[in-house]
Amino acid sequence: MLSCLLFKLFGLMSNSAFRLTGVFGGTFDPIHYGHLRVAEEIAEMIGLQEMRFIPARRPRLREAPVAPYCHREAMVHIAIECNPAFILDGRETRSSGVSYSVETLRELKRELGADAILCFIVGADAFTRFAQWHDWLEIFDLCHLIIVRRPGVELNMNRDNLPPELWEACAQRWVANPDDLRKARSGLIFPAPTILLDISATAIRVRLAAGKSVRYLLPDATLDYISAHHLYVDKV
Ligand code: ATP
């Protein structure tokens, strides 16, 4: 009985020594409730100490964002400022070229120290192309991956759905219980059962360019910023 209690206490102490930090990268062009709700649910599910929103200056595997970096960063700031666990990480202000997730994760790991466990959020759509990312295998040494579902994208991560090299690299990494993410510093993959909100930044930009309402798809304060700066009126 006593040994069981001591074992539990030791388990809690050793778990609390780790700080779990969420890393949420994206173009956020603009940020919307699809991003915010997913971040909130993952933070609660995994017990994150903080969730860092990191706007990408220029993503490598997609078209250049429509709004300039400074506006996308400002919109993230406005959208998350009331949540003390959500942090705007503007490190890409300093970069001039293409954004590589692996570099951001290397930097964060160095800055946050050995006690930090990074939980990197990746949409199910982006995950199917993960093997095209720069130095993708190294990413497993730097963080855990949290895969989030999106409407219309199957989270059926079986052999037929993934490129063979990705399937092989991931086969032994899946965990179904978020508590397992505390048992290793990196390298696990957790498919997070988050809510499905069919909201995309593309659909918001299309509606804005057509003069249609986007109210309730993103925070009012972000919408006010978009209107004040005449964003997305002519470019989608
Ligand atoms: P766009 O329509 O311009 O491609 P987006 O809405 O997909 O933009 P991003 O900034 O590219 O937004 O997304 C950042 C991350 O958030 C990605 O991992 C993406 O899969 C995820 N994400 C975006 N929207 C949702 C949503 N509605 N539900 C869950 N995840 C989402």
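Here, the structure is the one placed above.
Residues numbered from 1 in each chain as written. Predicted model: local features only at pLDDT ≥ 70, side-chain atom pairs only at ≥ 80, totals over all residues. Heavy atoms only, no water.

Draft legend 1. Focus on the pattern of salt bridges. In this structure the tally under the stated criterion is 11 salt bridges. One salt bridge in this structure joins Arg52 and Glu50, with 2.7 Å as the shortest N-O distance. Take Arg52 and Glu50: they sit in the same class, and that class is buried. Put simply, Asp89 and Arg91 hold a salt bridge, and the shortest N to O gap is 2.9 Å. On the basis of relative accessible area, Asp89 is assigned to the buried category, the value being 6%. For Arg91, a relative accessible area of 7% corresponds to the buried category. Within the structure, one salt-bridge network assembled from shared partners comprises Glu50, Arg52, Asp89, Arg91, Glu107 and Glu111. (Salt bridge = Lys/Arg side-chain N within 4 Å of Asp/Glu carboxyl O. Buried < 20%, exposed > 50% of the residue type's maximum accessible area, 1.4 Å probe, protein only.)

Draft legend 2. Region of the structure containing the pairing of strand β5 (residues 144-148). Judged by how many residues are buried, β5 sits mostly within the fold: 5 of 5 residues are covered. Of the two faces of β5, the one holding His144, Ile146 and Val148 and the one holding Leu145 and Ile147 are both buried throughout. Note: strand β4 (residues 116-123) against β5, 5 bridges, orientation parallel. Pairing of Phe120 across the sheet is with Leu145, part of β5. (Helix = DSSP H or I, 4+ residues; strand = E, 2+ residues; numbered from the N terminus. Pairing = 2+ DSSP bridges.)

Draft legend 3. Just the packing of aromatic side chains, in detail. According to the stated counting rule, one finds 11 aromatic pairs in the structure shown. Centroid distance Phe24 to Phe28: 5.6 Å. Interplanar angle 85 degrees. Geometry classified as edge-to-face. For the residue pair Phe24 and Phe28, the accessibility class agrees, reading buried in each case. Taken together through their ring pairs, the aromatic side chains of Phe120, Phe127, Phe130, Trp133, Trp136, Phe140 and Trp174 make up a single cluster. The ring centre of Phe140 lies 4.1 Å from the NZ or CZ of Arg173, which sits over that ring. (Phe/Tyr/Trp six-rings, centres within 6.5 Å; stacked < 30°, edge-to-face > 60°. Lys NZ or Arg CZ within 6 Å of the ring centre and 35° of its normal.)

Draft legend 4. Representation of the site of the ligand. Around the ligand, 21 residues are found, and the nearest of them are His32, Arg150, Leu197, Ala201 and Thr202. The contact in question runs from an oxygen atom of the ligand to an N or O atom on the side chain of Arg150, over 2.6 Å. For the ligand, whose unbound accessible area comes to 600 Å², protein coverage reaches 91%. Given that more than half its atoms are within 2 Å of the pocket grid, the ligand belongs to the largest pocket. (Near = heavy atom within 4 Å. Polar contact = N/O pair within 3.5 Å; in protein donor to acceptor, adjacent residues only side chain to side chain. Areas by Shrake-Rupley, 256 points an atom, 1.4 Å probe, with all protein chains shown as cover. 1 Å grid on protein atoms, 1.4 Å probe; cavity = no way out; pocket = protein on both sides within 12 Å on 5 of 7 lines; lining within 4 Å. Sits in = over half its atoms within 2 Å of the grid points.)

Draft legend 5. Representation of the layout of surface pockets within the structure. The space that makes up the largest pocket amounts to roughly 1,100 Å³. Every residue lining the largest pocket is counted, 46 residues in all, and those nearest its centre are Gly25, Gly26, Thr27, Arg62 and Ala126. Where the lining of the largest pocket is concerned, the elements lending two or more residues are β1 (19-26), α2 (33-46), β2 (50-55), α4 (101-112), β4, α5 (124-127) and α8 (201-209). Partitioning the lining of the largest pocket into residue classes produces 24 nonpolar, 13 polar and 9 charged. As for the second largest pocket, its lining consists of 12 residues, and the residues nearest its centre are Glu92, Ser95, Glu103, Thr104 and Glu107. Along the lines of polarity and charge, the residues of the lining of the second largest pocket split into 2 nonpolar, 5 polar and 5 charged. (Points joined across faces, edges and corners; volume = space filled by probe spheres on them. Nonpolar A, V, L, I, M, F, W, Y, C, P; charged D, E, K, R; others polar.)

Draft legend 6. Focus on helix α3 (residues 69-80). For α3, spanning 12 residues, the distance from its first C-alpha to its last is 17 Å, which sits close to the expected 16 Å at 1.5 Å a residue. Buried within α3 we find Tyr69, His71, Arg72, Glu73, Met75, Val76, Ala79 and Ile80. Looking at the buried residues of α3, the elements they touch are α2, β2, β3 (86-88) and α9 (220-228). (Expected span 1.5 Å × (residues − 1). Contact = heavy atoms within 4.5 Å.)

What is shown is where atoms sit, not what they do.
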